[in-house]
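Overview (structure and organization)
What follows is each chain in one-letter form.
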Amino acid sequence: MLIYTFSDFHIHPHQQFATTNQYGINSRLWECIEAFDKIIEHARKDRPSTIIFSGDFFHQMKVDAITLDLAIGRLRSLREITTIIGIAGNHGMVHEPINAHIEKCLEKEFDWFFIPRYITEPSTYITYGVIPYYKDAKVAECFLNENSDKFDIAIIHQGVNGA
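The following refers to the structure shown. As a convention, each chain's residues are numbered from 1 in the sequence order in which they are written. Restriction of local features to residues with pLDDT of at least 70 applies here, the model being predicted, together with a cutoff of 80 or more for giving and counting side-chain atom pairs; totals for whole chains, interfaces and linings are based on all residues. Only hydrogens and water are set aside when side-chain values are computed; all heavy atoms of the structure are taken into account.

**Here we look at the packing of helix 1 (residues 27–46) against helix 2 (residues 65–81)**
- The interhelical angle for the contact between helix 1 and helix 2, taken along N-to-C directions, is 5°, at an axis separation of 10 Å. In this view, helix 1 runs roughly parallel relative to helix 2, as classed from their interaxial angle. Contacts between helix 1 and helix 2 involve Leu-29, Trp-30, Ile-33, Phe-36, Asp-37, Ile-39, Ile-40, Ala-43 and Arg-44 from the former and Ile-66, Thr-67, Leu-70, Ala-71, Arg-74, Leu-75, Ser-77, Leu-78 and Ile-81 from the latter.
- Each residue gets one label: Ala, Val, Leu, Ile, Met, Phe, Trp, Tyr, Cys and Pro are nonpolar, Asp, Glu, Lys and Arg are charged, and the others, such as Gly, are polar. Of the residues belonging to the contact of helix 1 with helix 2, the class tally is 13 nonpolar, two polar and three charged. Angles run from 0 to 180 degrees between N-to-C directions of axes, and those axes are lines fitted to C-alpha atoms, restricted for helices to the stretch in contact. Starting at the N terminus, helices and strands are each numbered in turn, a helix being any DSSP run of H or I of at least four residues and a strand any DSSP run of E of at least two. For this classification, under 35 degrees means roughly parallel, over 145 means roughly antiparallel, 65 to 115 means roughly perpendicular, and everything else is oblique. Residues count as neighbours in contact if any of their non-hydrogen atoms are within 4.5 Å of one another.

**Digging into the pairing of strand 3 (residues 83–87)**
- Burial status follows relative accessibility: with a 1.4 Å probe on protein chains alone, a residue under 20% of its type maximum counts as buried, one over 50% as exposed, and anything between as partly exposed. In terms of burial, strand 3 is largely enclosed, as four of its five residues are buried.
- A strand pair is defined by DSSP finding two or more bridges across the two strands. Pairing analysis gives four bridges linking strand 2 (residues 50–53) to strand 3, with the strands arranged parallel. Bridging from a neighbouring strand, Ile-51 pairs with Ile-84 of strand 3.
- You can see the chain leave strand 2, run along helix 2 and come back into strand 3, and the turn it takes is right-handed. Here, the term right-handed applies to a crossover whose path from the first strand over the helix to the second runs clockwise when the strands point away from the viewer.

**Here we look at unusual backbone geometry**
- A positive phi angle is found at Asp-8, which is not glycine, with a value near 60°.
- Phi at His-10 is positive, roughly 55°, even though this residue is not glycine.
- Its place among the elements puts His-10 in the loop between strand 1 (3–6) and helix 1.
- Residue His-10 is classed as buried on the basis of its relative accessible area of 17%.

**What to know about helix 1**
- Helix span, as expected, comes to 1.5 Å for every residue beyond the first. In this model helix 1 runs 29 Å from its N-terminal to its C-terminal C-alpha over 20 residues, within 8% of the 28 Å that 1.5 Å per residue would give.
- Each element contacted by the buried residues of helix 1 is listed here: strand 1, strand 2 and helix 2.
- Where helix 1 begins, the capping side chain belongs to Asn-26, and its oxygen is found 2.8 Å from the backbone nitrogen of Arg-28.
- A positive phi of about 55° marks Arg-47, the residue just after helix 1. As used in this structure description, the phrase polar contact means that two N or O atoms lie within 3.5 Å; if the pair is within protein, one of them must be able to donate a hydrogen and the other to accept it, and residues adjacent in sequence are counted only when both atoms belong to side chains.

Here is the structure:
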């Protein structure tokens, strides 16, 4: 069994140090997309049973149409290969105002989670405890303490005090 895991892509057309490439797209956004294309390339070759994305896929939840189209297209390509599980990070916090269409798209299409829960991936029978980011780390701590016997692997996006 092979599981890919990654986080903190922060896909966004950042302006600092960016240029416009030959396709008319922000160069820093395109670098994120090219990195994601490498993941797709390796996944096609390796055929992982699951790909876990543990937060901050987008840099912010207010996403422009070009960024959304490029990113969701890549997620769809990955979904054709294997199961994707994702959680919200601190740049897509569940308790902050976000663009509802982004949240709904991620939840509906890609098993993206915005609240703590546990799920079983059907092809591997592995149960994951998924805990998106919360400002109060006690949410994750309570979920882990109360549910640790219900899952095999915890997926958490949480800050560390003093880091």
